[in-house]
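Spelled out, the chains give:
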Amino acid sequence: MKRSYSILSSVFLTALFLLAGSIRSSAATFYVLPRAGSDLAAEIMQEGDPSLDVLPYHSWRSILPEDAVISQAFPGLDISANDRIHRWAVLNLDDQTDPQTVQRFLLTNPSIEAVDTPPVRTLHVDGLDQIPADPLVGYQWHLTLINAFTAWDIVPDASGIVIALPDIGVDMEHIDIHPVLWANESEIYGTTGVDDDNNGFIDDYRGWDFHSNDNDPSPVSASDVHGTHAAGIAAAAHDNRIGISGVAPGARIMAVRAGEGRSISNGFDAILYAANNGADVISMSWGGYNSSLVEHDVIRYALSQGCVIVASAGNESRQDLEYPAAYEDVISVAAVDIDHRLASFSNRGTWVDIAAPGVNIFSTVIDGYGFLDGTSMAAPIVAGVACLVRAQEPDLTPAQVRSRLGQGALPITSQPDNYVQSGIVNAWCALCDEQEAISITNVEFTDESGDGIIEPGEDFTMDVEWEVFGDDADMVRLRMAPYDDSIIGSTSQDFYGITAGSQVIATFDGVVNSNTFRGTHFLGLATTMGFYSDTLEIRVPVAMNWRTHNAGDMVASVTDFGAIGYYDYRNARELPDGVRLVDNPKGFLYHGSLMVSDGSDVADCAYGNQWSSQYDFETDSNGIIHQANGSTGQQVFEASYSDTHVGTGVQVNQCTISYPEGDNFVIMDFDISRIIPGSANYTVGLYMDWDIFTSIDNQVGYDSDLRLSYIYNEHGAGGIVALDEHTITGVRAISNEEFVYNGFSDEDKLMLMQDGVANAESDEVRDWSHMVAVDAGYIPVGESQDVQFAIVAAENVQLLREAANAAYSAFSKQLPGTHDETTELPTSFRVFSPWPNPFNQQTRVQVELPDNGDLTIEIINVLGQQVAVLADGNYTGGQYDFTWHPEHPGSGIYFLRTSFENRIITRKLLYIQ
């Protein structure tokens, strides 16, 4: 609809939007991530519309209508073929289909890695006030506060920059916006009704409306002024003697409509359109408190295309993470008032990067001008400054643009600690390209124990690689600035005479509070040089729950909660390696788990029933997975976990061993202890759901001589070896369609563990998993049994058998208490720290002997009395492992006294019953 323009034309609205701040999901659409290597993923990545029949789900058609289709969600992206965003598919349901039922079946289908729904984001805006009679630049107080007028002396024209505003529409006929609209020249000068630029959108002259699926991204209602207001703030026509000025003179506004009213429901498509059609900056004035896997992938893609992404922090006076603002590398923006104070409504926290004016902000609305409050207004101010920076220095990375924005930031009046990392954006200072600025290029951590895991209570060293850009720096001061008591440290370092572009490493010492939870924690790095000051964010990994073995041509990830492979489905944690061959990024293993049964219950973390995931094992307080000492050429990880949900009552001390320069195997030693009263006959198994490149074209074999069960096809093979002499109770080829798809119950698992070897193999091509289980014998409370397996992977079955033989050879040398016939003797007598310590069932100690000699290992109580003897005799040089299982001593302090050739080493032990 065409309109006549008038400067005095205005809209009078109050309390237009109320911020809900949460995600609301569409019930009619699912985003589905097929597992890498599955047939569905292969067809999706070929940009086709595959049949749902490729899903190995026998009851699929009873859930969906006959005409249901699934198609690639984001076709035509310019990114490497192995990136996850290519695999996302979209499934649209009709009104007659129950979305909850569909979601449950999707979540329990092993061919599906993840299911997401389009998050409906909420606009970050408060009321619209009465319009002044004479709207001029003088009403835009925010331009003065951020020093925009001085900045325009440096960059008077940003017309080469495109800023996209995914929102509820932009009034493209507004007299202050129409002159600066982005123009898709291929379509403007092309043929009507034809996709002249082959971008998938016909006649997208000025952008696209994803909410109504047409080429007019204008608002559909006169009350939908939010996008128009944000667009005017960022880039309204400059110096045209009409109305107002945007922060970025001449920058081109790409209008992308992604919702209406108060909601953004098509954010994915809008962001991708902007990234694929030349946007330099994307400004998003909306969000919610739940993260979205699909949304994060879309934003990662946009960042990979060089887009600077800015998002508002939200309007609820909270410190909770708000998305998309809180995603890594997104510039999150809080709001301040005219007195430089943080706005009462503004969200804040360590995750917020910068602030900008957000109270009584005057800008364009439909047919006129008006005032709005909110972080929705602050974000396009920062985005406008980012446009100026991009116009001046187009080659800066998004991270460097973020550093420029923090350059010379203005202080926030009476800001509480940790509310905003930088301060208020200062446009003039951000454009001082001859002034120095800092960006972090890499961070590496070293923990006190040297096992590569930063644990609660542990000291660590942090090497921060950084660079100065813009100009040489006479002096740079870097200081650790912890946000809370999770990470403690206040090291400060000064650097002098730093040349622009040079890489510098600063080393800091810190300590993790003993009460800090496992996971990623934020740490600030305060930087100062000249008038530049900023706080850069560093993410510290604390006691992550997995490690990856290097084993010849194979890598294998193991955890400290009984899982093997790359995916912890309950917590949606992805491990980077899985079990795969080194020269192929596709994993061989979807998911694996230890299984322990007392004859009635099963403890494991291998799927569950149709509606939930199984997760019986919990990491012990002193059982965090860590690197342990091994013989020359070994890589050793140890962990400890217990069954806390069902009645098996076991604790598992796990030790896994590989040889990085050896063959393709990982030895898995499970020491199973009973920690509840009574006794039981235990069965212990290893369950593995291999997908050799694809999930449904595998076969299962069994080599009884090697006690090797394996899954294979023409692309490779993966298997389980029962290494020790425990009697095999079950070797089973498991049809996932029969057992897993419809719920993998404890009854099923126990039956399969005791099913013998009659169903150990099959040449039928389908989706298989398998299990090898052994009889561990009776275990009374306080006692334990060792059970040893190996996992192997190779390019074919013959090489897999060779890997199994190599595992047997290595295993025969690594039994606890036996000699490791390593080719190189230790250089000195060493006693490694016992582990675990403190302990409540058993502890292990490793000893290295440089030569033959008499070795004695005793356990002494605090009265000096001998409690136990672990070794007493003549030993040849090498490495030995010993285990102490206390039988009668009570809780308390004990001493491990080790004597070798007149040298004595003593270690303290703490036994807790």
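Placed above this text is the structure.
Just so we're clear, the structure is a prediction, and the values are computed from it rather than from any experiment. (Residues numbered from 1 in each chain as written. Predicted model: local features only at pLDDT ≥ 70, side-chain atom pairs only at ≥ 80, totals over all residues. Heavy atoms only, no water.)

Caption draft 1: Examining the overall build of the chain more closely. Secondary structure assignment for the chain yields 14 helices and 55 strands. By the burial criterion, 60% of the 913 residues in the chain qualify as buried. A separation threshold of at least 6 residues defines the contact pool for the chain, and within that pool the share at least 24 residues apart is 71%. (Helix = DSSP H or I, 4+ residues; strand = E, 2+ residues; numbered from the N terminus. Buried < 20%, exposed > 50% of the residue type's maximum accessible area, 1.4 Å probe, protein only. Contact = heavy atoms within 4.5 Å.)

Caption draft 2: Fine view of the packing of aromatic side chains. Scanning all chains against the criterion turns up 29 aromatic pairs. Look at Phe201 and Phe210: their rings are 5.4 Å apart centre to centre, the planes differ by 85°, and that puts the pair in the edge-to-face class. Accessibility expressed as a relative area gives 17% for Phe201, which makes it buried. Considering the side-chain rings of Phe362 and Phe371, the 4.9 Å spacing of their centres and the 50° angle between planes classify their relative orientation as tilted. For the pair Phe362 and Phe371, one class covers both residues: buried. Three or more aromatic residues joined by ring pairs make a cluster, and in this case those are Trp182, Phe201, Trp208, Phe210 and Tyr273. The residue whose ring lies beneath Arg318 is Tyr289, and the NZ or CZ to ring-centre distance is 4.0 Å. When the ring centre of Trp768 is taken as origin, the NZ or CZ atom of Arg766, which lies over that ring, is 5.4 Å away. (Phe/Tyr/Trp six-rings, centres within 6.5 Å; stacked < 30°, edge-to-face > 60°. Lys NZ or Arg CZ within 6 Å of the ring centre and 35° of its normal.)

Caption draft 3: The arrangement of the sheet that holds strand β13 (residues 281-284) in detail. Strand order across the open sheet formed by 7 strands is β9-β10-β8-β13-β15-β16-β17, with parallel pairing between neighbours. Across the chains shown, the open sheet's two edge strands, defined by having one partner strand only, are β9 (207-209) and β17 (354-357). Taken over all neighbouring pairs, the strand axes of this sheet differ in orientation by 25° on average, direction set aside. Where strand β15 (residues 308-312) lies against strand β16 (residues 331-336), 3 bridges are found, and the strand directions are parallel. By the bridge assignment, Ser312 is partnered in β16 with Val333. (Pairing = 2+ DSSP bridges. Axes fitted to C-alpha atoms, helices over the stretch in contact; angles between N-to-C directions.)

Caption draft 4: Geometry of a negative patch on the surface. A contiguous patch of negative charge on the surface is contributed by Asp553, Asp583, Asp663, Glu795 and Glu802. Assignment of secondary structure puts Glu795 in the loop between β48 (784-794) and α14 (797-811). Looking at Glu795, the relative accessible area reads 46%, which means it is partly exposed. (Patch = residues over 30% accessible without salt bridge, like charges linked within 9 Å, V, L, I, M, F, W, Y side chains within 5 Å. Areas by Shrake-Rupley, 256 points an atom, 1.4 Å probe, with all protein chains shown as cover. Salt bridge = Lys/Arg side-chain N within 4 Å of Asp/Glu carboxyl O. Lys, Arg positive; Asp, Glu negative; His and termini not counted. Charge placed at Lys NZ, Arg CZ, Asp CG, Glu CD.)

Caption draft 5: Seen up close, the side chain of Arg121. Mapped onto the fold, Arg121 is located in strand β6 (residues 119-123). Side-chain polar atoms of Arg121 contact the side chain of Glu295, separated by 2.2 Å. (Polar contact = N/O pair within 3.5 Å; in protein donor to acceptor, adjacent residues only side chain to side chain.)

Caption draft 6: A look at helix α13 (residues 746-753). Among the 8 residues that make up α13, 6 are buried, leaving the element largely enclosed by the rest of the structure. When we look at burial in α13, the residues that qualify are Asp746, Asp748, Lys749, Leu750, Leu752 and Met753. Its buried side turned inward, α13 meets β34 (589-597), β35 (602-603), β41 (679-690), β45 (728-735), α12 (736-739) and β47 (768-780).

Caption draft 7: Here's a closer look at the pairing of strand β51 (residues 853-861). Along β51, 7 of the 9 residues are buried, which leaves the element largely enclosed by surrounding structure. Sheet analysis places β51 next to strand β52 (residues 866-875), joined by 8 bridges and oriented antiparallel. Residue pairing across strands places Gly853 opposite Tyr875, the latter belonging to β52. Where β51 hands over to β52, the hairpin turn is made up of 4 residues, of which Gly864 adopts a positive phi near 85°. Bridge count between β51 and strand β54 (residues 892-900): 7 bridges; the pairing is antiparallel. Within β54, the residue paired with Thr856 across the bridge is Ser899.

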